[in-house]
Amino acid sequence: MNHFIEISQLSKPEVMALLKSALSLKNGSICPQYPAIPLATLFYENSTRTRISFDLAAKRLGMPVVNVDIATSSEAKGESIIDTVKTLAAMGIKCFVIRHKEAGLPIKLAKTCGEGIHVINAGDGMHAHPTQAMLDFMTIMEQKPDLSSLKIAILGDIRHSRVANSLQCLAATLNVGELSLVAPEQWQPTVVHYGTVTDSLRDGLAGADVIICLRVQSERFSTGDTLDLTSYRKAYALTKTTLAYAKKEAMVMHPGPINRSVEIDDEVADGPQSYILQQVQNGVFMRMAILSHLISGSDSLA
Ligand code: NCD
């Protein structure tokens, strides 16, 4: 595996090996060091956790890191992304972590780059966010390793969510027992990769072991999409009352950033069932495992 673009490129054994490797890094196993493999982050969309998580992961692996400031880069002078990547590669950058609003851009870049270059997708439009799905399943499996007996619910603005796409693909690879996709009709997925769609919050959460709540992604709405936040909240917000539809100790997760008092209430986001900060913590280890796998090949996963 040369690039990390989308979940469908991974076999189940590869996913399991990455999860195992991330968990052992978290448990203190020795970090491989790659001081000769510089990494650049290229974020054309806002980010706090994903960019910093990759930055920290690469630094823990001893990699030199360059965070390209798009606003002040030569792209403001009209340079194409491909030329930016080729220019940085000529300076010796080997790994490119890219987030962009154009779905499919990471694969395009991967095809253009020469030998020895690794492209990692940190979110492309509404298409995919594979490292987020990996760290989410790491968080679930730390608590509940038998996925075949689990019901997982993904709740909210699924239509605009690249995270929801990658989660569905990973749930399929890992044979999750039941996946419920809960959204009002206007935010239901146009393509379902795995799971069953419902507009009933009560039915969707009934018996759920895990709830993954999504942000209302208004910046990805197309013109004409309207949103009545008050009625959305009334019917779909994760509150103390609606959380009780799920199993008693159901895990509450959210890829972040969370919009408090929109899709999730404080007492749920900060409550005893919340794993939101564990997701963030695990993200660094998951990205270390992925980078290490790309650089050293699958042997590093032993
Ligand atoms: C997500 C993203 O950017 O797709 N955030 C993240 O990377 N943790 C989800 C979102 O923006 O709502």
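Conventions used here
Sequence order as written defines residue numbering, which begins from 1 separately in each chain. Where totals are concerned, whole chains, interfaces and linings use all residues; where local detail is concerned, this predicted model gives features only for residues with pLDDT of at least 70, and gives and counts side-chain atom pairs only at 80 or more. Excluded from the side-chain calculation are hydrogens and water; included are all heavy atoms of the structure. Numbering of helices and strands runs from the N terminus, with a helix taken as a DSSP run of H or I at least four residues long and a strand as a DSSP run of E at least two residues long. Each radius of gyration reported is based on C-alpha atoms, and the globular scaling rule is 2.2 Å times the count of residues to the power 0.38. Accessible area is worked out with a 1.4 Å probe on protein chains only. A residue is then buried under 20% of its type maximum, exposed over 50%, and partly exposed in between. Note on contacts: a residue pair qualifies if any of its non-hydrogen atoms lie within 4.5 Å across the two residues. Note that accessible areas follow from Shrake-Rupley with a 1.4 Å probe, and for residues the cover is restricted to the protein chains shown. Charge counting treats Lys and Arg as positive and Asp and Glu as negative, with His and both chain ends excluded. Note on charges: their place is set at NZ of Lys, CZ of Arg, CG of Asp or CD of Glu. Throughout, near means a residue has at least one heavy atom within 4 Å of the molecule or strand. Counting of polar contacts relies on pairs of N or O atoms within 3.5 Å, with two restrictions inside protein: one atom must be capable of donating a hydrogen and the other of accepting it, and residues adjacent in sequence are counted only when both atoms are side-chain atoms. A domain assignment, automatic or from a database, supplies the domain bounds used here. Note: buried area is the sum, over both parts, of the accessible area (probe 1.4 Å) each one loses when the two are combined. Note on definitions: salt bridges are taken to be side-chain nitrogens of Lys or Arg within 4 Å of carboxyl oxygens of Asp or Glu. In this description, a nonpolar core means a group of buried Ala, Val, Leu, Ile, Met, Phe, Trp, Tyr and Cys residues linked to one another through side-chain atoms lying within 4.5 Å. Here a Phe, Tyr or Trp ring, Trp counted by its six-membered ring, pairs with any other such ring whose centre lies within 6.5 Å, and the pair is stacked when the planes are under 30 degrees apart, edge-to-face when over 60, and tilted otherwise.

Within the protein chain, the regular secondary structure consists of 11 helices and 9 strands. The C-alpha atoms of the protein chain give a radius of gyration of 19 Å, which matches the 19 Å a tight globule of 302 residues would have. Taken over the C-alpha atoms alone, the protein chain extends approximately 55 × 45 × 30 Å along its principal axes. Across the 302 residues of the protein chain, 54% fall into the buried class. Counted over contacts in the protein chain with a minimum sequence separation of 6, partners at least 24 positions apart contribute 76%. Of the roughly 13000 Å² that the protein chain leaves accessible, carbon and sulfur atoms contribute 52%. Across the protein chain, the mean location of the 28 positive side-chain charges is 3 Å away from that of the 30 negative side-chain charges.

A word on the site of the ligand. In the vicinity of the ligand, the contacting residues are R49, T50, R99, H129, Q132, R162, V163, R215, R220, P255, G256 and P257. Within the side chain of T50, an N or O atom sits 2.9 Å from an oxygen atom of the ligand. The separation between an oxygen atom of the ligand and a polar side-chain atom of R99 is 2.9 Å. For the ligand, whose free accessible area comes to 320 Å², the fraction covered by protein is 94%.

By a widely used convention, the size of an interface equals the accessible area lost when the partners come together. Segmenting the protein chain into domains produces domain 1 (7-129 + 282-296) and domain 2 (130-279). If you average the C-alpha positions of domain 1 and of domain 2, the two centres end up 25 Å apart. Counting from both sides, the interface comprises 31 residues of domain 1 and, opposite them, 29 residues of domain 2. Regarding the contact of domain 1 and domain 2, the summed buried area is about 2400 Å², with carbon and sulfur atoms giving 65% of it. The largest per-residue losses of area from domain 1 upon contact with domain 2 belong to I7, M126 and H129, which jointly make up 31% of the total buried on that side. Summed over the shared surface of domain 1 and domain 2, the result is 2 salt bridges.

Among the nonpolar cores identified, the biggest contains 81 residues, and M63, M134, F137, I140, I152, L238 and M286 are the most heavily contacted of them. Examining the composition of this core, we find that 10 residues originate from one element, helix α11 (residues 276-296), more than from any other. No fewer than three residues from each of domain 1 (7-129 + 282-296) and domain 2 (130-279) sit in this core. Residues A40, L42, L109 and C113 belong to the second largest nonpolar core, which totals 17 residues.

Its place among the elements puts A17 in helix α1 (residues 12-26). Residues A17 and N2 lie 15 residues apart in sequence; the distance between their C-alpha atoms is 16 Å.

Moving on to the pattern of salt bridges. Scanning the entire structure with this criterion turns up 9 salt bridges. Ionic pairing is found between K59 and D55, a salt bridge with its closest N-O pair at 2.7 Å. With K59 and D55 both in helix α2 (residues 49-60) and 4 residues apart, this pair spans about one turn of that helix. The exposure class of K59 is partly exposed, given its relative accessible area of 48%. Residue D55 is classed as buried on the basis of its relative accessible area, which comes to 8%. K108 serves as the salt-bridge partner of E102, at 2.9 Å between the closest nitrogen and oxygen. Using a relative accessible area of 32% as the deciding quantity, one classes E102 as partly exposed. Using a relative accessible area of 43% as the deciding quantity, one classes K108 as partly exposed.

Where two aromatic rings form a pair, the distance of their centres and the angle of their planes describe that pair. Here the structure, examined in full by the defined rule, presents 2 aromatic pairs. Centroid distance W187 to Y232: 4.8 Å. Interplanar angle 50°. Geometry classified as tilted. In this pair, W187 sits in the loop between β6 (178-182) and β7 (196-198) while Y232 sits in helix α8 (residues 229-236), placing the two residues 45 residues apart along the sequence. The same class applies to W187 as to Y232, namely buried.

The omega torsion of the bond from G256 to P257 falls at -5°, within 30 degrees of zero and hence cis. Inspection of the secondary structure puts P257 in the loop between β9 (251-253) and α10 (266-269). The phi torsion at N175 lies on the positive side, around 55°, for a residue other than glycine. For N175, the position within the fold is in the loop between α6 (162-173) and β6.

This part takes up the environment of Q217. By the element assignment, Q217 lies in the loop between β8 (210-213) and α8. Taking the C-alpha atoms as reference points, Q217 and S161, separated by 56 residues in sequence, lie 7.6 Å from one another. Residue contacts for Q217: discarding those within four places in its chain leaves D157, H160 and S161.

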